[in-house]
Amino acid sequence: MEDSYVFRYMREEDIDQVLEVEHASFTTPWSREAFYNEMHNNNFAVYIVLEHGNKIIGYCGVWVVIDEGHVTNVAILPEYRGKKLGEMMMRKLISVCRERGARSMTLEVRVTNHVAQSLYRKLGFQNGGIRKNYYSDNLEDALVMWVNL
């Protein structure tokens, strides 16, 4: 299975396909401008895409600031979920953070997203706290999770 999936760094010409993944995954998706700004104006940002054939089926991003990686987004097209691809992407992101000198990583996840929380725990992330009313679409709380690399 893994042979047919390829990771690479996101390029500007990938934004249209990444937006498809974004819109299929989130109730308040990022805009084209947000991705453009991440790629061109944020020196801390690193985005990885996951391709199957010539199609981007997932992407993830992180800001690596000094020795800490802050995961911004992790998303996979719905028809590709449940195939361990999220785990593959997170492992790749952890590797990228280590290569860039990060000693820890953090992320926020919806308190109701138990599938994602289970994956993050499998990768060593632990609960760090709650951000009240974090998500603007429904004011759901976010669970903050951390891992030492």
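What this report covers is the structure whose coordinates are included nearby. (Residues numbered from 1 in each chain as written. Predicted model: local features only at pLDDT ≥ 70, side-chain atom pairs only at ≥ 80, totals over all residues. Heavy atoms only, no water.)

Within the largest apolar cluster, 44 residues are counted, with the highest numbers of intra-cluster contacts made by Met90, Tyr120 and Phe125. Mapped by element, the contributors of at least two residues to this core are α1 (15-25), β2 (45-52), β3 (55-65), β4 (68-76), α3 (85-99), β5 (104-110), α4 (114-122) and β7 (142-148). Element by element, the count of residues in this core is highest for α3, at eight residues. (Core = buried A, V, L, I, M, F, W, Y, C linked by side-chain atoms within 4.5 Å. Buried < 20%, exposed > 50% of the residue type's maximum accessible area, 1.4 Å probe, protein only. Helix = DSSP H or I, 4+ residues; strand = E, 2+ residues; numbered from the N terminus.)

For the structure on display, the rule yields six aromatic pairs. Relative to Tyr47, the ring of Trp30 has its centre 6.4 Å away and its plane inclined at 65°; by these criteria the two rings are edge-to-face. With Trp30 in the loop between α1 and α2 (32-41) and Tyr47 in strand β2, the pair connects residues that are 17 residues apart, well separated along the chain. Judged by its relative accessible area of 25%, Trp30 falls in the partly exposed class. (Phe/Tyr/Trp six-rings, centres within 6.5 Å; stacked < 30°, edge-to-face > 60°.)

Taken together, Phe44, Trp63, Val65 and Ile66 make up a surface patch of nonpolar side chains, about 400 Å² in accessible area. Within the secondary structure, Trp63 is located in strand β3. (Patch = residues over 30% accessible without salt bridge, like charges linked within 9 Å, V, L, I, M, F, W, Y side chains within 5 Å. Areas by Shrake-Rupley, 256 points an atom, 1.4 Å probe, with all protein chains shown as cover. Salt bridge = Lys/Arg side-chain N within 4 Å of Asp/Glu carboxyl O.)

Another aspect to go through is the side chain of Thr106. Looking at the secondary structure, you find Thr106 in strand β5. In this structure Thr106 comes out as buried when scored by relative accessible area, which is 2%. For Thr106, the side chain forms a polar contact with the main-chain oxygen of Met145, separated by 3.0 Å. Each residue touching Thr106, except ones within four places of it in the same chain, is listed here: Glu68, Gly69, His70, Val71, Phe125, Val144, Met145 and Trp146. (Polar contact = N/O pair within 3.5 Å; in protein donor to acceptor, adjacent residues only side chain to side chain. Contact = heavy atoms within 4.5 Å.)

Mapping Leu143 onto the fold places it in strand β7. Put simply, Leu143 and Asn113 are 30 residues apart on the chain and 9.4 Å apart in space, counted from C-alpha to C-alpha. Not counting chain neighbours up to four residues away, the residues in contact with Leu143 comprise Leu107, Glu108, Val109, Val111, Gln117, Arg121, Asn127, Gly129 and Ile130.

Two elements in contact, α3 and α4, have axes whose closest approach is 11 Å; the angle formed by their N-to-C orientations is 45°. Looking at the two axes, α3 sits oblique to α4. With respect to the hand of their crossing, α3 and α4 are arranged in right-handed fashion. Seen from α3, the contacting residues are Gly86, Glu87, Met90 and Arg91; seen from α4, they are Leu119, Tyr120 and Lys122. Class assignment of the residues belonging to the contact of α3 with α4 gives a composition of three nonpolar, one polar and three charged. (Axes fitted to C-alpha atoms, helices over the stretch in contact; angles between N-to-C directions. Parallel < 35°, antiparallel > 145°, perpendicular 65-115°, else oblique. Left-handed = near helix turned anticlockwise from the far one by under 90°. Nonpolar A, V, L, I, M, F, W, Y, C, P; charged D, E, K, R; others polar.)

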